[in-house]
Amino acid sequence: MCRTCLPLTVLLVCSWLLRGHRTLATETTSIGKAVNVRWSSINGKTIIEWEPKPINYTYTVEVAGEGANWKRKCIHTTATECDVTDLLENVNDTYTARIISEVQDTEDFTEEFPYTDSPPFVPYKQTIIGKPVIESYNFSKDITKLTVIVKDPLTPYRFSNGSFKSVRDIFNNDFEYTVFYRRASSTGKKQETSNSNEIVVNVDQGESYCFYVQATIPSRSQNRDSQVSEEKCTTASKNELDVTVLFAVIISVVLIVVIVIALSVMLCKRKRAKPEKAPENDML
């Protein structure tokens, strides 16, 4: 047998075994590709979601605006969602997210990792405005106007001093509130819109009212309106308020009188029940 053939034979066998090992590893390393990639965003807080749950691999998320470099987030995660709010600071930019399926041991997978791109997302146009909160409300002195004050929702974005920006700071004049109000005894609604967080409506004296608030971004063609706030009901009549106060005063006075009478009766009973002191002559 040729002596020089032996090393060559060994080399060929080792090469075949190594190739077979890599082929087997590649075949047995199954990497799923992300599907149903979607954006979820409320008041600027934005999360990218997808499916399925990974098995024997992980995901890494990359996000890029138009003409910008990819930025990585949630590296090697086994979750199926990722908060990417901090990568979307320019709310007018158009962003794309890329969900990459990866394995840690790259020797077992020599091909390019599969990935799925998300639909485009523009925070200014697509983030949903959350439910407004009615901070307070009050009536004018003559009970003919009701002022509703709404608390502007905050976003995750900050000013240079560290304070959070509100939704109004993001949308500026492209943001308004509408208050829907009705008499408590009626189902017919009226509405009043304002581009500030204070809305003033005309009311009738002596009537009780119920109302709720909704925010709107007029420039949008979709997702224009927010969810509606909790409904508040109040009484606009001074007379009803005076009657309520008078009733409370009467109840308080009656309770005081009852307590005084009860204490007087108790003291009288104790005095009568106390034994009389025997005369000194009887003790001799």
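Fair warning: this is a prediction, and the values are worked out from it, not measured in the lab.

Focus: the state of the cysteines
Here is step 1: All chains considered together, the criterion is met by two disulfides.
Here is step 2: A sulfur-sulfur separation of 2.0 Å characterises the disulfide bridge that pairs cysteine 74 with cysteine 82. Its S-S torsion of about 90 degrees marks the bond between cysteine 74 and cysteine 82 as right-handed, since a negative value means left-handed.
Here is step 3: Two residues, cysteine 210 and cysteine 233, share a disulfide whose sulfurs are 2.0 Å apart. Taking the sign of the S-S torsion, 110 degrees for the link of cysteine 210 and cysteine 233, the bridge is right-handed. Pair noted here: cysteine 210 is in strand β15 (residues 208–216) and cysteine 233 is in strand β17 (residues 232–235), with a separation of 23 residues, a long-range link.

Quick notes on the pattern of salt bridges
Here is step 1: One pass over the full model with this rule turns up 10 salt bridges.
Here is step 2: Put simply, arginine 38 and glutamate 49 hold a salt bridge, and the shortest N to O gap is 3.7 Å. Here arginine 38 is found in strand β1 (residues 35–42), whereas its partner glutamate 49 is found in strand β2 (residues 45–51), with 11 residues between them in sequence.
Here is step 3: For arginine 168, the salt bridge is made with aspartate 152, and the minimal N-O distance between the two is 3.1 Å. With arginine 168 in helix α3 (residues 167–171) and aspartate 152 in the loop between β9 (145–151) and β10 (154–158), this residue pair connects regions lying 16 residues apart in the sequence. Per residue, the accessibility class of arginine 168 equals that of aspartate 152, and both read buried.
Here is step 4: Here the salt bridges do not stand alone but share partners, grouping Glu62, Arg72 and Glu102 into one network.

Observations concerning the nonpolar core
Here is step 1: Counting residues in each nonpolar core, the largest one holds 45 residues, and the members touching the most others are Ile48 and Trp50.
Here is step 2: The element that contributes the greatest number of residues to this core is β15, accounting for four residues.
Here is step 3: Sequence-distant contacts of isoleucine 48, defined by excluding residues within four places in its chain, comprise Val37, Arg38, Trp39, Val61, Thr80, Glu81, Cys82, Val84, Ala97, Ile99 and Ser118.

Thoughts on the packing of aromatic side chains
Here is step 1: In total, this model carries nine aromatic pairs according to the counting rule given.
Here is step 2: Aromatic side chains phenylalanine 180 and tyrosine 212 sit 5.3 Å apart centroid to centroid with 20 degrees between the ring planes, which places their arrangement in the stacked category. With phenylalanine 180 in strand β12 (residues 176–183) and tyrosine 212 in strand β15, the pair connects residues that are 32 residues apart, well separated along the chain.
Here is step 3: One aromatic cluster is present, built from ring pairs that chain together Tyr124, Phe171, Phe175 and Tyr177.
Here is step 4: When the ring centre of tyrosine 115 is taken as reference, the NZ or CZ atom of arginine 98 above it lies at 4.1 Å.
Here is step 5: When the ring centre of phenylalanine 159 is taken as reference, the NZ or CZ atom of lysine 165 above it lies at 5.5 Å.

Re the sheet that holds strand β3 (residues 58–64)
Here is step 1: Here four strands make up an open sheet; going across it, the order is β4-β3-β6-β7 and the pairing antiparallel. On the outer flanks of this sheet lie β4 (71–77) and β7 (115–117), each paired with one strand and no other. Ignoring which end each strand starts from, the neighbouring axes of this sheet average 15 degrees apart.
Here is step 2: Note that strand β6 (residues 96–102) and β7 share three bridges and pair antiparallel. Opposite isoleucine 99, over in β7, you have threonine 116 as the bridge partner.

Structural notes on the confidence of the model for the protein
Here is step 1: Summarising the model, the protein shows a mean pLDDT of 83, and 78% of its residues fall at 70 or more.
Here is step 2: Under a pLDDT of 50 for its full length, residues 20–28 has, in the predicted model, three contacts with residues more than four places off or in other chains.

Basis of the calculations
Residues numbered from 1 in each chain as written. Predicted model: local features only at pLDDT ≥ 70, side-chain atom pairs only at ≥ 80, totals over all residues. Heavy atoms only, no water. Disulfide = S-S within 2.5 Å. Helix = DSSP H or I, 4+ residues; strand = E, 2+ residues; numbered from the N terminus. Salt bridge = Lys/Arg side-chain N within 4 Å of Asp/Glu carboxyl O. Buried < 20%, exposed > 50% of the residue type's maximum accessible area, 1.4 Å probe, protein only. Core = buried A, V, L, I, M, F, W, Y, C linked by side-chain atoms within 4.5 Å. Contact = heavy atoms within 4.5 Å. Phe/Tyr/Trp six-rings, centres within 6.5 Å; stacked < 30°, edge-to-face > 60°. Lys NZ or Arg CZ within 6 Å of the ring centre and 35° of its normal. Pairing = 2+ DSSP bridges. Axes fitted to C-alpha atoms, helices over the stretch in contact; angles between N-to-C directions. pLDDT = per-residue confidence, 0-100.

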